[in-house]
Amino acid sequence: MPDPAFNPGFRFTILDGLILLGGAGATIGVASLDRWTGVAIAFVVLHFFLFCNVLRMPRPLELMWAALFAILAIFATATIVTWPFVLSISLLATVIITIVQMRRPSYHGVAWKTLNPRLPQWWRNRTSRE
């Protein structure tokens, strides 16, 4: 099996565009019924784009964020907490996992040349060992 291509930095595919368009449509449609649920949809869709296309976040960090958001969203739906609380805590989690991701030797998202100039060597070492 050939090594995966070294392709760091921002990425955008047709599927990403379709997801963003679908998310925008869902946001507008749902926001007309319930403003905060519409905001929550936009928040999640934009995080999908940030994590997958801009920061190139590894799956475990994405899933930790998603689990936190889902739990908080359930609490907001049950009116235990407010949507602004959910969004604030989720945004704080975004900042924390973004910092964690950008400090990893495997960081390959936007600005990787500045933040992680040793990435090409890390990639060569990783792909030559497998």
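Everything that follows concerns the structure shown earlier in this document.
The structure contained in this document is the topic of the report that follows. Predicted model only: the values in this text are computed from it and were never measured.

### Side note on the overall build of the protein
Part 1 of the reasoning: Scanning the protein from N- to C-terminus turns up six helices and zero strands.
Part 2 of the reasoning: Its C-alpha atoms give the protein principal-axis dimensions of roughly 50 × 30 × 30 Å.
Part 3 of the reasoning: For the protein, the proportion of its 130 residues judged to be buried stands at 32%.
Part 4 of the reasoning: Looking at the protein as shown, the accessible area adds up to about 8,300 Å², and 71% of this sits on carbon and sulfur atoms.
Part 5 of the reasoning: Separation of charge centres in the protein, based on 11 positive and 5 negative side chains, amounts to 10 Å.

### Observations regarding helix 4 (residues 83-102)
Part 1 of the reasoning: Helix length check: helix 4, at 20 residues, gives a terminal C-alpha distance of 28 Å against a target of 28 Å (1.5 Å per residue), a fit within 8%.
Part 2 of the reasoning: Those residues of helix 4 not exposed but buried are W83, V86, L87, S90, A93, T94, I97, T98 and Q101. Seen end-on, helix 4 carries its buried residues on one side only, within an arc spanning 140°.

### Section: the packing of helix 3 (residues 59-77) against helix 4
Part 1 of the reasoning: For the pair helix 3 and helix 4, the least separation of the axes is 9 Å and the interaxial angle reads 170°. The angle between helix 3 and helix 4 places the two elements in the roughly antiparallel class. For the pair formed by helix 3 and helix 4, the contact residues are L61, W65, L68, F69, L72, A73, A76 and T77 on the first element and W83, F85, V86, L87, I89, S90, A93, T94, I97, V100 and Q101 on the second.

### Quick word on the packing of aromatic side chains
Part 1 of the reasoning: Inspection of every chain in the model, using the stated rule, returns 10 aromatic pairs.
Part 2 of the reasoning: When the centroid spacing of 5.7 Å and the interplanar angle of 55° are considered together, the rings of F6 and W123 count as tilted. Of this pair, F6 sits in the segment before helix 1 (14-31) while W123 sits in helix 6 (residues 119-129), and the two are 117 residues apart along the sequence.
Part 3 of the reasoning: Measuring from ring centre to ring centre gives 6.4 Å for F69 and W83, while their planes differ by 40°; the resulting arrangement is tilted.

### What to know about the packing of helix 2 (residues 35-54) against helix 3
Part 1 of the reasoning: Where helix 2 meets helix 3, the axes come as close as 11 Å, and the angle between the chain directions of the two elements is 170°. Between helix 2 and helix 3, the angle is such that the two are roughly antiparallel. Residue-level contacts link A40, F43, V44, H47, F51 and C52 of helix 2 to E62, W65 and F69 of helix 3.
Part 2 of the reasoning: For the contact of helix 2 with helix 3, the class distribution of residues is seven nonpolar, one polar and one charged.

Criteria and thresholds
Residues numbered from 1 in each chain as written. Predicted model: local features only at pLDDT ≥ 70, side-chain atom pairs only at ≥ 80, totals over all residues. Heavy atoms only, no water. Helix = DSSP H or I, 4+ residues; strand = E, 2+ residues; numbered from the N terminus. Buried < 20%, exposed > 50% of the residue type's maximum accessible area, 1.4 Å probe, protein only. Areas by Shrake-Rupley, 256 points an atom, 1.4 Å probe, with all protein chains shown as cover. Lys, Arg positive; Asp, Glu negative; His and termini not counted. Charge placed at Lys NZ, Arg CZ, Asp CG, Glu CD. Expected span 1.5 Å × (residues − 1). Arc of directions from axis to C-beta. Axes fitted to C-alpha atoms, helices over the stretch in contact; angles between N-to-C directions. Parallel < 35°, antiparallel > 145°, perpendicular 65-115°, else oblique. Contact = heavy atoms within 4.5 Å. Phe/Tyr/Trp six-rings, centres within 6.5 Å; stacked < 30°, edge-to-face > 60°. Nonpolar A, V, L, I, M, F, W, Y, C, P; charged D, E, K, R; others polar.

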